[in-house]
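Single-letter residue listing:
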Amino acid sequence: DAKTTQPTSMDCAEGRAANLPCNHSTISGNEYVYWYRQIHSQGPQYIIHGLKNNETNEMASLIITEDRKSSTLILPHATLRDTAVYYCIVRSPNFGNEKLTFGTGTRLTIIP
Amino acid sequence: DAGITQSPRYKITETGRQVTLMCHQTWSHSYMFWYRQDLGHGLRLIYYSAAADITDKGEVPDGYVVSRSKTENFPLTLESATRSQTSVYFCASSVRDRAHEQYFGPGTRLTVT
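Just so we're clear, the structure is a prediction, and the values are computed from it rather than from any experiment.

Broken down by element type, chain B carries 0 helices and 11 strands. Overall, chain B shows an N-to-C arrangement of helices and strands of β-β-β-β-β-β-β-β-β-β-β. Computed over its C-alpha atoms, the radius of gyration of chain B comes to 13 Å, within 12% of the 13 Å expected for a compact globule of 113 residues. Once the C-alpha set of chain B is aligned to its principal axes, its extents read approximately 40 × 25 × 25 Å. Taken over 113 residues, chain B has a buried fraction of 50%. Excluding contacts between residues fewer than 6 apart, the proportion of contacts in chain B whose partners are at least 24 apart in sequence is 55%. Charge separation in chain B, taken as the distance between the mean sites of 12 positive and 11 negative side-chain charges, equals 6 Å.

Next up, the structure:
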């Protein structure tokens, strides 16, 4: 599995877009990028995933560079409830490869 | 829509006791997972199950036993609890062809004294 590198922590002002980077320079062709977050004392929450095209859903947007070596999760209008640890995970969706490995993630703090 | 639930939410037990943590999901998801979360280690997979009667080890299975006789339930048993098993335990589930989109329960905080 491709390793990921994320900043340890980030701050973002409330109402601004929060841009969380992730480097995955060893990603292979069939590996997807997944994002989860974990709000304090809660279980992790799936946010979004993508292969090579940019993706958007009701929670966030995912921008993957053309060479797929890095990606950015964008929370367009951050609120205080977005304060959480954000995990970037790279996995191939092959059968028998269902396990997710959570790294240390980025601790995002939204500042009022 | 209950989703995925865990019980108990909090548990204190003594070293050597047997403890079972329950996980129940109402989505009929094929996959179910058990993770533990400790400071300094993040989330680590204990066991997972691809379907009823199919289970497989994760990263840290020692000291744990699982079973899955019904699709909706995936209990985790600590046969003889140790202090090192003090942790927060999360159960998760997912559909078969989207195993990496996992939906997590609220967690069980277990303390072994």
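So much for the structure itself; the text now carries on.
This part is about the interface of chain B and chain A. Between chain B and chain A, the residue contacts involve 19 residues of the former and 20 residues of the latter. Both sides together, the interface formed by chain B and chain A hides about 1,600 Å², and carbon and sulfur atoms give 57% of it. Between the two partners, chain B and chain A, sit 0 salt bridges. Counting the contacts that link chain B with chain A gives 4 residue pairs in polar contact (both at pLDDT 80 or more). When residues of the side of chain B that touches chain A are assigned to their parent elements, the largest contribution, 4 residues, is made by strand β4 (residues 31-38) of chain B. Classifying every residue of the side of chain B that touches chain A by side-chain character gives 11 nonpolar, 5 polar and 3 charged.

Residues and elements named next belong to chain A. Within the largest apolar cluster, 22 residues are counted, with the highest numbers of intra-cluster contacts made by Leu-20, Trp-35, Leu-73, Leu-75, Tyr-86 and Leu-108. Mapped onto this core, the elements with two or more residues apiece are β2 (18-23), β3 (32-38), β4 (45-50), β6 (61-64), β7 (70-75), β8 (84-91) and β9 (106-111). Examining the composition of this core, we find that 4 residues originate from one element, β8, more than from any other. When residues no more than four places from it in sequence are discounted, the contact partners of Leu-20 are Met-10, Trp-35, Ser-71, Thr-72, Leu-73, Leu-75, Tyr-86, Thr-106 and Leu-108.

Our focus in this paragraph is the environment of Pro112(A). All names here are of chain A. Tracing the backbone through its elements, the reader meets Pro-112 in the segment after β9. Along the primary structure Pro-112 and Glu-14 are separated by 98 residues, whereas in three dimensions their C-alpha atoms are 5.3 Å apart. Each residue touching Pro-112, except ones within four places of it in the same chain, is listed here: Glu-14 and Leu-80.

Tallied over the entire structure, the rule returns 2 disulfides over all chains. Disulfide partner of Cys22(A): Cys88(A), at an S-S distance of 2.1 Å. Measuring handedness by torsion sign, the sulfur bridge of Cys22(A) and Cys88(A) sits at about -80° and is left-handed. Here Cys22(A) is found in strand β2, whereas its partner Cys88(A) is found in strand β8, with 66 residues between them in sequence. The same class applies to Cys22(A) as to Cys88(A), namely buried. A sulfur-sulfur distance of 1.8 Å marks the disulfide that ties Cys23(B) to Cys91(B). In this structure, the disulfide formed by Cys23(B) and Cys91(B) twists by about -75° around the S-S bond and is classed as left-handed. Taken as a pair, Cys23(B) in strand β3 (residues 19-25) and Cys91(B) in strand β9 (residues 87-94) lie far apart in primary sequence, 68 residues in all. For Cys23(B), a relative accessible area of 1% puts it in the buried group. Left unpaired, Cys12(A) is separated from the closest cysteine sulfur, that of Cys22(A), by 18 Å.

Further remarks concern the pattern of salt bridges. Residues and elements named next belong to chain B. For the structure on display, the rule yields 5 salt bridges over all chains. Residue Glu-14 pairs with Arg-17 through a salt bridge whose shortest N-O separation is 3.6 Å. Between Arg-44 and Asp-38 there is a salt bridge, and its shortest N-O distance comes to 3.0 Å. Comparing Arg-44 with Asp-38, the two get one shared label, buried. Each of Arg-36, Asp-38 and Arg-44 takes part in one network of salt bridges that share partners.

Rules of the game
- Numbers given for residues are sequential positions, taken from 1 along each chain in its written order.
- For naming, the first written chain is A and the first written ligand is 1, with later ones following in the order written.
- Selection of residues for local features in this predicted model requires a pLDDT of at least 70, selection of side-chain atom pairs for listing and counting requires 80 or more, and totals for whole chains, interfaces and linings are taken over all residues.
- Side-chain calculation: all heavy atoms of the structure are included, whereas hydrogens and water are not.
- Put simply, DSSP H or I for four residues or longer makes a helix, DSSP E for two residues or longer makes a strand, and each gets a number counted from the N terminus.
- Radius of gyration: over C-alpha atoms. The globule rule applied is 2.2 Å multiplied by the number of residues raised to the 0.38 power.
- The buried label goes to any residue with under 20% of its type's maximum accessible area, the exposed label to any with over 50%, and the partly exposed label to all in between, with areas taken from a 1.4 Å probe on protein chains only.
- Contacts are assigned to residue pairs with any non-hydrogen atoms lying within 4.5 Å of each other.
- Residues scored as positive are Lys and Arg, those scored as negative are Asp and Glu, and His as well as the terminal groups of each chain are ignored.
- The atom standing in for a charge is NZ when the residue is Lys, CZ when it is Arg, CG when it is Asp and CD when it is Glu.
- Buried area adds together the accessible area that both of two parts lose upon being put together, with accessible area traced by a 1.4 Å probe.
- Criterion for a salt bridge: a side-chain nitrogen of Lys or Arg within 4 Å of a carboxyl oxygen of Asp or Glu.
- Think of a polar contact as two N or O atoms within 3.5 Å of one another; within protein, one of them needs to be a possible hydrogen donor and the other a possible acceptor, and neighboring residues in sequence only count if both atoms come from side chains.
- Any residue outside Ala, Val, Leu, Ile, Met, Phe, Trp, Tyr, Cys, Pro, Asp, Glu, Lys and Arg is labelled polar, Gly included; the first ten of those are nonpolar and the last four are charged.
- Side-chain atoms within 4.5 Å link the members of a nonpolar core, which is a set of buried Ala, Val, Leu, Ile, Met, Phe, Trp, Tyr and Cys residues.
- When the sulfur atoms of two cysteines come within 2.5 Å, that pair is taken as a disulfide.

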